[in-house]
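# Structural features, examined
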Amino acid sequence: MKNTLIAVLVFLSGAVTLAADGVPAHPYIKIDTTEGSIVLELDGKQAPLTVAHVLGLVDSGYYDGTIFHRVIPGFMAQAGAHTPDLKHKETDAMIPNESGNGLSNARGTIAMARTSDPHSANSQFFINVADNDRLDPQKSSSAGRWGYTVFGQVIEGMDVVDRIAAVKTGAQGPFQSDVPVVPIVIKKISRYTFE
């Protein structure tokens, strides 16, 4: 077990080195939604694997036409994998968890959603609308606990995020709650440069 863990850590550290070579330190993306635009600064230094993966999805147009499918006031707004009719879009890669990168799930940050498997993040992300440090790695237990990888922050449009977080939600399709009654569509996510 110990040798397997060491092998995984060596692989991950090598992957981080490779990813860091080709990932911009602080790229910007713009999320154009039916509620307005949000500009984010991503952190390619602290979360190179995650940023590289997300930029690949952005460049491919994967996010265009998806929705914010899970919105919880005072907590977060989640998007990145469902169409307006709540069909799930598939992607083919999972990202190793980079939650121990020193970034915290503070208000205005963007992080990767995942299942209980810490290395299952794929395309879904959420924007924190409150300080959610309970989502950070926890070292207080003897085994520790993986967190949710923060990989950037909102630098323009937090008012749009707050509007999204305040919409009426309910049960729809396969979801028992938290789906906006009126779909909030991501018209496009693209790389962004300030002029």
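All of these numbers come straight from a predicted model, not from anything done at the bench. (Residues numbered from 1 in each chain as written. Predicted model: local features only at pLDDT ≥ 70, side-chain atom pairs only at ≥ 80, totals over all residues. Heavy atoms only, no water.)

## A closer look at the overall build of the chain
Helices and strands together make up the secondary structure of the chain, namely three helices and ten strands. Sequence-ordered secondary structure for the chain, helices as α and strands as β, is α-β-β-α-β-β-β-β-β-α-β-β-β. Classification of the 195 residues of the chain by burial places 48% in the buried group. Considering only intrachain contacts with a sequence separation of at least 6, the fraction spanning at least 24 residues in the chain is 68%. As displayed, the chain offers around 9800 Å² of accessible surface, 56% of which is attributable to carbon and sulfur atoms. (Helix = DSSP H or I, 4+ residues; strand = E, 2+ residues; numbered from the N terminus. Buried < 20%, exposed > 50% of the residue type's maximum accessible area, 1.4 Å probe, protein only. Contact = heavy atoms within 4.5 Å. Areas by Shrake-Rupley, 256 points an atom, 1.4 Å probe, with all protein chains shown as cover.)

## Side note on unusual backbone geometry
Phi is positive for L86, which is not a glycine, with a value near 65°. Its identity as a non-glycine residue notwithstanding, D178 has a phi of 75°, on the positive side. Tracing the backbone through its elements, the reader meets D178 in strand β9 (residues 175–180).

## As for the packing of aromatic side chains
The way to describe two aromatic rings as a pair is by their centre distance and the angle between their planes. Per the counting criterion, the structure on display carries six aromatic pairs. Arranged with centres 5.3 Å apart and planes meeting at 80°, the rings of Y62 and Y63 form a pair that is edge-to-face. For the pair Y62 and Y63, a shared accessibility class is recorded, and that class is buried. Taking the centre distance of 6.1 Å and the plane angle of 70° together, the rings of F126 and Y148 count as edge-to-face. Of this pair, F126 sits in strand β6 (residues 125–128) while Y148 is found in the loop between β6 and β7 (150–156), placing the two residues 22 residues apart along the sequence. Here a set of aromatic residues connected by ring pairs shows up, and it is made of Y62, Y63, F68 and F125. (Phe/Tyr/Trp six-rings, centres within 6.5 Å; stacked < 30°, edge-to-face > 60°.)

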